[in-house]
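Examining the three-dimensional arrangement
Residue strings, one per chain:
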Amino acid sequence: MSHRLVGCLAFVVLLIVSSHRAVHAIEPKRPNILFIFTDDLTCQAVSSYGEKRKLLSTPHIDRIGAEGIRFDRCLVTNSICGPSRATILTGMYSHRNGFYNNSNSRFDGSQPTFPKAMQAAGYSTAIIGKWHLISDPTGFDHWHILPGQGLYYNPPMIRNGEEVKHEGYATDIITDLSIDWLKNRDKSKPFVLMSQHKAPHREWAPALRDLGWDQDRQYPEPETLFDDYAGRSKAVSDHDMGIDRTFTDLDAKLKPPPNMTAEQLQVWNAYYGPRNDAFRKMNPQGKDLVRWRYNRYMHDYLGCVKAVDDNVGRLLKFLDQEGLSQDTLIVFTSDQGFYLGEHGWFDKRWIFEESLRSPLVMRMPGLVKPGQVRHEIVSLMDFAPTFLELSGTANLPDAQGRSLVPLMKGETPADWRKSLYYHYYEFPLPHRVRPHYGVITDRYKLVHYYLPDVDDWELLDREKDPNEVKSFYNDPAYADVVKELRAELDRLRVEVKETGAPPRAAHGNRPFDNEPKSTK
C-alpha cells in the first residue's frame, strides 16, 4: 500500500475525529486566520527588513510585524510559484506532494491539506486570488481564483467553477472580493481566508494611480548588478533570466499589458509614451541599457508592491472596524523571494539568498508579543502545522514542517532545525536555471548543480561573502566544512525521504539524464 493511500486513510480518520470534537466538545475559542499571500515579493522590497538601498516604504506590511513578529529567515524549499503553494497547503516538500514545477505539474487535490482539515473541524474556508495549481481548489467553502498566472487588468476569474469577469486592477479586485467574503461569511464559525495576490509577478504592471509614484527616481544599484560570474559553475553563468539578455518589450513597458480598456490604455500611454520616446531617442547600449532597464524595472515592480501594501492597509482597517483584529491571526508572506538586479537578475529559482528567502510577518494579539524578530530557520512547510495547532486540529499525517507556535510565543525549542534541505527541478524553460539541490545552514550553503551538462558543487559562505559571488568548495581551508555539510545533506535527504532520483516529469520536457546521486 502506498504511503499516500495510507496517509489519506489516516487523514479520513482524523477528519472524523476533528468533526466530532467540533460538534460535541466544549473548546476554547479558536482564532480566525487571514493568510495574505503575494507572488514573487522579496525582502528587499519590504521596508521593515532594512534593505540598505531603501527601495520602498511599506507601512502596512511593517505594521503587522511591529504589532507581532517578523521572521528574518523564512526559507523556501523549491523557489518557484506553484510548488511553494503546494507546500503551504500540504506541509510537505515537492517530492512528497507531487508538485515539482510550473511546467507540467498538477496538484493532487485528493491529498490531505490544512484547509480540508480546518473545514472538517468547523471553520469556514475560502481562497480568493491566485491559485496556480492547475486543478480546482478543494477544501474550500468558497473559491474565486485567477486562471493560471492571471492578468493585472480586468482579470477573468473563476468563482466556484463559474467563469466571471471583473473590471479594474487585480490587486484591488482581490482585496474587494476578500472583504466581501468576510462581510457575508457564516459568522457562527471561525474562518480561514487565503487572500492571494498576483502582484508583484512579472510583467510588473502597476496600478494606474501609481504610475508616477516615484517621480522618475534613479535607484541605487545592487553591488552585483554587473556580476560576471567569474570562477562560478556554468550553471550560474549560463542562464536566461538576466536584465541584460532576457528583458522583453512587455517587461520594459515598451508594450502595454494585455486586456486594458480604451480608457485605461489612454492613462497608461500618457505616462509611458513620452518616457518611451525619450528612451528610443537616447538609444542606450551596453551597461547604459542595463541601467535604464533596471530603473524601469524598479519603478514597475515596486509600484506593484506599493499597491499590495495599500491593500494590506485596507484589510487591516476592515478587521479593526469589524472588531475582528483581536481574534484573528494575520499572516503576510510570499511564495518565494525575487531578484531586484542582484547578480544582474530578475526572477527566482536559485538557492541563493534573494530567491530563497521570503518575507514573513505575523500578528495575533494575546499570543504574539509585539515587536519580536526571530532569526531561526523557518519554512513554508511550517504554516499548515501552525494553523492546525492554533485551531486545535490534528496535524496532517505526512506533514514535514513544524508548528511555529513556540517561536510565536517567544520560545525556542531545543531541537529546532539548524539546517534545511532545498531542491529546485524545473528545466530548461523558462529561464534555463539548472536543477540543483543542497543544504542551508545559518552561514553556509552546499549546492549540487546537475543536468543536463553540469555536475558541479559549490560552497557559499554568507559570512565571508554575503553577496554570494564566490564558491569556496575547492578551498583547502574549507575541507572540513565541505565534509560536514555533505554528511548533513545525506542525512537530510534520508530525513525528507528523497534519496533517489526524481521522476522525469519533475524537470519538464528534457532529453538529458544526469540525475542526482548520493553525495558520498
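Residues numbered from 1 in each chain as written. Predicted model: local features only at pLDDT ≥ 70, side-chain atom pairs only at ≥ 80, totals over all residues. Heavy atoms only, no water.

The next point concerns the overall build of the protein. The helix and strand tally for the protein stands at 13 helices and 15 strands. Rg of the C-alpha trace for the protein: 23 Å, near the compact-globule value of 24 Å for 520 residues, within the 12% margin. Out of the 520 residues in the protein, the part that is buried amounts to 62%. Look at the contacts in the protein between residues 6 or more apart in sequence, and 70% of them connect residues 24 or more apart. Element-wise, carbon and sulfur atoms account for 52% of the exposed surface of the protein, whose accessible area totals about 20,000 Å². Looking at the protein, you have 66 positive and 69 negative side-chain charges, and the mean spots of the two groups are 1 Å apart. (Helix = DSSP H or I, 4+ residues; strand = E, 2+ residues; numbered from the N terminus. Rg over C-alpha atoms; globule rule 2.2 N^0.38 Å. Buried < 20%, exposed > 50% of the residue type's maximum accessible area, 1.4 Å probe, protein only. Contact = heavy atoms within 4.5 Å. Areas by Shrake-Rupley, 256 points an atom, 1.4 Å probe, with all protein chains shown as cover. Lys, Arg positive; Asp, Glu negative; His and termini not counted. Charge placed at Lys NZ, Arg CZ, Asp CG, Glu CD.)

On to the sheet that holds strand S12 (residues 419–424), then. Taken together, 4 strands build an open sheet; the order of strands is S12-S13-S14-S15 and the sheet is antiparallel. At either margin of the open sheet sits one strand with a lone partner, and together these are S12 and strand S15 (455–461). For this sheet, the mean inter-axis angle between neighbouring strands, taken without regard to orientation, is 15 degrees. Bridging between strand S13 (residues 436–441) and strand S14 (residues 444–450) involves 5 bridges; their strand directions are antiparallel. (Pairing = 2+ DSSP bridges. Axes fitted to C-alpha atoms, helices over the stretch in contact; angles between N-to-C directions.)

This part takes up the pairing of S13. Taken across its 6 residues, S13 has 6 buried, putting it largely inside the fold. Going residue by residue along S13, you find His 436, Gly 438 and Ile 440 tucked away on one face and Tyr 437, Val 439 and Thr 441 tucked away on the opposite face as well. Pairing analysis gives 6 bridges linking S12 to S13, with the strands arranged antiparallel. In the strand pairing of S13, Tyr 421 is matched with Val 439. In textbook terms, the turn of a hairpin is the stretch between consecutive antiparallel strands, and for S13 and S14 this stretch comprises 2 residues.

As a volume, the largest pocket reaches approximately 620 Å³. Around the largest pocket, the lining is made up of 22 residues, and of these Glu 51, Glu 354, Arg 357, Pro 466 and Asn 467 lie nearest the centre. Sorting the residues of the lining of the largest pocket by element identifies strand S2 (69–75) and helix H10 (353–356) as the ones contributing at least two each. Size it by volume and the second largest pocket reaches roughly 350 Å³. Arg 217, Gln 218, Trp 292, Asn 295 and Arg 296 are, among the 16 residues lining the second largest pocket, the residues nearest its centre. Of all the elements in the fold, those that place two or more residues in the lining of the second largest pocket are helix H8 (262–282) and helix H9 (286–321). Top contributing element to the lining of the second largest pocket by residue count: H9, with 6 residues. For the lining of the second largest pocket, the per-class residue count stands at 6 nonpolar, 3 polar and 7 charged. (1 Å grid on protein atoms, 1.4 Å probe; cavity = no way out; pocket = protein on both sides within 12 Å on 5 of 7 lines; lining within 4 Å. Points joined across faces, edges and corners; volume = space filled by probe spheres on them. Nonpolar A, V, L, I, M, F, W, Y, C, P; charged D, E, K, R; others polar.)

What follows is about unusual backbone geometry. Here Ala 199 and Pro 200 are connected by a cis peptide whose omega angle stands at 0 degrees. Turning to its location among the elements, Pro 200 is positioned in the loop between strand S7 (191–196) and helix H7 (234–237). The residue Arg 349 is not glycine, and still its phi comes out positive at about 80 degrees. Since its relative accessible area comes to 4%, Arg 349 is described here as buried.

Relative to the elements of secondary structure, Asp 335 occurs in the loop between strand S8 (328–334) and H10. The spacing of Asp 335 and Leu 380 is 45 residues in sequence and 8.0 Å in space, taken between C-alpha atoms. A polar contact of 3.3 Å, which involves the side chain of Asp 335, links it to the side chain of Arg 85. A distance of 2.8 Å separates a polar atom in the side chain of Asp 335 from a polar atom in the side chain of Gln 336. (Polar contact = N/O pair within 3.5 Å; in protein donor to acceptor, adjacent residues only side chain to side chain.)

On to the pairing of strand S6 (residues 162–165), then. Bridging between strand S5 (residues 156–159) and S6 involves 4 bridges; their strand directions are antiparallel. Bridge pairing in S6 places Met 157 opposite Val 164. If you look at the hairpin formed by S5 and S6, you'll find 2 residues sitting between the two strands, and Asn 160 has a positive phi there, around 50 degrees.

This part covers the packing of aromatic side chains. Per the counting criterion, the structure on display carries 36 aromatic pairs. Arranged with centres 5.8 Å apart and planes meeting at 55 degrees, the rings of Tyr 93 and Tyr 421 form a pair that is tilted. Here Tyr 93 is found in the loop between helix H3 (81–90) and helix H4 (94–97), whereas its partner Tyr 421 is found in strand S12, with 328 residues between them in sequence. Comparing Tyr 93 with Tyr 421, the two get one shared label, buried. On the numbers, 5.9 Å between centres and 25 degrees between planes, the contact of Trp 204 with Phe 247 is stacked. (Phe/Tyr/Trp six-rings, centres within 6.5 Å; stacked < 30°, edge-to-face > 60°.)

Right, let's talk about the pattern of salt bridges for a bit. For the coordinates displayed, the defined rule picks out 42 salt bridges. Across the salt bridge formed by Arg 291 and Glu 221, the nearest N and O atoms sit 2.6 Å from each other. Taken together, the residues span a long stretch of sequence, with Arg 291 in helix H9 and Glu 221 in the loop between S7 and H7 at a distance of 70 residues. The class of Arg 291 is partly exposed, set by a relative accessible area of 32%. With relative accessibility at 34%, the residue Glu 221 sits in the partly exposed group. (Salt bridge = Lys/Arg side-chain N within 4 Å of Asp/Glu carboxyl O.)

Its location among the elements puts Asp 461 in strand S15. A relative accessible area of 0% means that Asp 461 is categorised as buried. Within the local environment of Asp 461, its side chain forms a polar contact with the side chain of Arg 443, the two groups lying 2.9 Å apart. In terms of polar contacts, Asp 461 uses its side chain to reach the backbone amide nitrogen of Glu 463, at 3.0 Å. For Asp 461, the contacting residues outside a window of four places in its chain are Arg 443, Tyr 444, Pro 466, Phe 472 and Tyr 478.

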